Amino acid sequence: MERPIVAASLYLVAGKATDSVTYGFVPAAARLGLDAVLLTDRPAAHRSGPHAFGGPVVECDVSDFRDIVHRIGGARAGGVPAAVFSNSDFLQAPAALAAAYFGLPAKDWRAATRAKNKALMRRHLADIDPVFSADARAVPPDAPYPLVLKPREGVASEDVFLVEDAAELAARVGEIAARRDDPLVAEEYLPGDLYTLETLGDGRELRVLGSFRTTVSPPPFFVEERLEWTAPPPETPQVLRQLETLGVGFGACHTEFVVHEGRARIIEVNYRLIGDHCDFLLADLLGIPLFEQILRVHLGEPVPSVHVPRPRHAVAEPVIADRSGTLTGAPGPMRVDDGAVRLSYRPQRAVGEPVAVTRTNRDYLGTVRAIGPGPDEVEAALARFRAEHSWTIT
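Please read these numbers as outputs of a predicted model, since none were measured by experiment. (Residues numbered from 1 in each chain as written. Predicted model: local features only at pLDDT ≥ 70, side-chain atom pairs only at ≥ 80, totals over all residues. Heavy atoms only, no water.)

K.L.:
Help me understand helix α7 (residues 166-177) in this model?
P.N.:
In an α-helix, one turn spans 3.6 residues, which is why side chains three or four residues apart end up on the same side. With twelve residues, α7 should reach 16 Å at 1.5 Å per residue; the first-to-last C-alpha distance of 16 Å fits that figure. In this structure, the buried side of α7 is in contact with β6 (147-151), β7 (161-163) and β8 (184-188). The residue sitting at the N-terminus of α7 and contributing the capping side-chain oxygen is D165; that oxygen lies 3.3 Å from the backbone nitrogen of A167. (Helix = DSSP H or I, 4+ residues; strand = E, 2+ residues; numbered from the N terminus. Expected span 1.5 Å × (residues − 1). Contact = heavy atoms within 4.5 Å. Polar contact = N/O pair within 3.5 Å; in protein donor to acceptor, adjacent residues only side chain to side chain.)

K.L.:
What exactly am I supposed to notice about the side chain of H254 here?
P.N.:
The residue H254 is located in strand β12 (residues 250-260) in this model. Side chain to side chain, H254 and E256 meet in a polar contact 3.3 Å long. For H254, the residues in contact, after removing those within four places along its chain, are T196, L197, E198, E268, V269, N270, R272, L273 and I274.

K.L.:
Any chance you could explain unusual backbone geometry here in plain terms?
P.N.:
Comment: phi is negative for the bulk of residues other than glycine, and the bulk of peptide bonds are trans. Of note, the amide linkage connecting Y145 to P146 takes the cis form, showing an omega dihedral of 5 degrees. Inspection of the secondary structure assignment puts P146 in the loop between β5 (133-135) and β6. The linkage connecting P219 with the following residue, P220, adopts the cis geometry, with an omega of 15 degrees. Tracing the backbone through its elements, the reader meets P220 in the loop between β10 (206-216) and β11 (224-230). In this model, H277 sits at a positive phi of 70 degrees, which is unusual for a non-glycine residue. With respect to the helices and strands, H277 occurs in the loop between β13 (263-270) and α9 (278-286). Under the relative-accessibility criterion, H277 is labelled buried at 4%. (Buried < 20%, exposed > 50% of the residue type's maximum accessible area, 1.4 Å probe, protein only.)

K.L.:
Quick question: what am I supposed to make of the sheet that holds strand β3 (residues 57-59) here?
P.N.:
Within a sheet, adjacent strands bond to each other through the backbone by hydrogen bonds, running parallel or antiparallel. Overall, parallel pairing links the four strands, which are arranged β3-β2-β1-β4 in an open sheet. Lying at the two open borders of the sheet, with one neighbouring strand each, are β3 and β4 (81-85). Across the sheet, the axes of successive neighbouring strands diverge by a mean angle of 25 degrees, strand direction being ignored. Judged from the four bridges that link them, strand β1 (residues 8-14) and β4 form a sheet pairing that is parallel. Looking at the pairing, L10 lines up with A83 of β4. (Pairing = 2+ DSSP bridges. Axes fitted to C-alpha atoms, helices over the stretch in contact; angles between N-to-C directions.)

K.L.:
What should I look at first to understand helix α4 (residues 92-101) in this one?
P.N.:
The buried fraction of α4 is high, at seven of ten residues. Listing the buried residues of α4 in full gives Q92, A93, P94, A95, A96, A98 and A99. As for α4, its buried residues are in contact with β1, α3 (65-74), β4 and α5 (109-116). Just downstream of α4, G103 is the residue with a positive phi angle, here 70 degrees.

K.L.:
Even after reading the chapter, I still don't get the sheet that holds strand β18 (residues 354-355), so can you show me in this structure?
P.N.:
Strand order across the open sheet formed by three strands is β18-β15-β20, with antiparallel pairing between neighbours. With partners counted over all chains shown, the strands left at the sheet margins are β18 and β20 (392-393), one partner each. The sheet contact formed by strand β15 (residues 325-329) and β18 spans two bridges and is antiparallel. Note that in β18 the partner of T326 across the bridge is P354.

K.L.:
Is there a simple way to explain the environment of A106 in this structure?
P.N.:
Following the sequence through the fold, A106 ends up in the loop between α4 and α5. In the structure, A106 is positioned 234 residues away from A340 in sequence and 41 Å away in space, judged by C-alpha atoms. Apart from the residues lying within four places of it in its own chain, the contact partners of A106 are A96, A99, A100 and F250.

Put into structure tokens, the structure is as follows:
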């Protein structure tokens, strides 16, 4: 039985402003009776515009757990911390360390660090799933090309390329180095069908919420073009074993993996809730207060049971920019019913905003979400929605 929530403060640790925090976790905190206090290194982004936060915004070096602890301890606007929480890829370890300082439920900071650092992840999984991985500037001559070049702690498919040989690797490394200076890794290319695994745990029990089948763009890029709800593949227990080895088992986790010839191999672990509006799709599809349930785990409650919904089909399909310029026309957020299919759309770029094609997930203009009784109905409704609306880049 869920315990009533007493008045206390949820300290939300955030970098950039996101819909997941603004429209997901902040309202969920209010429904739980929590006063939310936002700690961020980008206060201006959270004080005005579409992500304006109505509660206290405290400027903080959120990459440093010591500053998070200091700001929480001295926050006049906030009360006794009931939870310290972040949904950011980059901030899981510092948020976990700050929560541990106050004796609050938290992820293991070491597991959060392993999940974020792809080189550490590969080393930690080497005994049960060896994958070639090396510093991109020190790849041996006998490396098993093709390789996937990527930032060691990158996100959203940014600067991720398939390279066929040493010459192409060197060229891509030089290209990336011209715009960023963080470490790069080169990993063995893992063939197979790409899936996600969405989980929620309380440190004792890990529950599988579901899985998406992911379609990506042709190489050398890896833009996620579509996510389609599916039953977790039979190889899912292999992924759960790898997550256990990494120490992942508290809060939400979004894992990407491939299945090839009966073997499941992790591509990356995002130790937070799935993004790009698929979190809202997941909540709608399962019919559960997903954001509240995640926060309740961070408040010390056991992970709730997950009831598989009646057979339904769901798709998240981003609208992807095909050219650079300025977005001069696009629909606003909406929810519509097309027969038995419920469609939702939320923009990720505002009209008037400049667009630069990067061949990454940053090219999304918005995401269409559809839930219906079956694939035929959902596909037809998606096609009608795309035909009835336009996105103009000039």
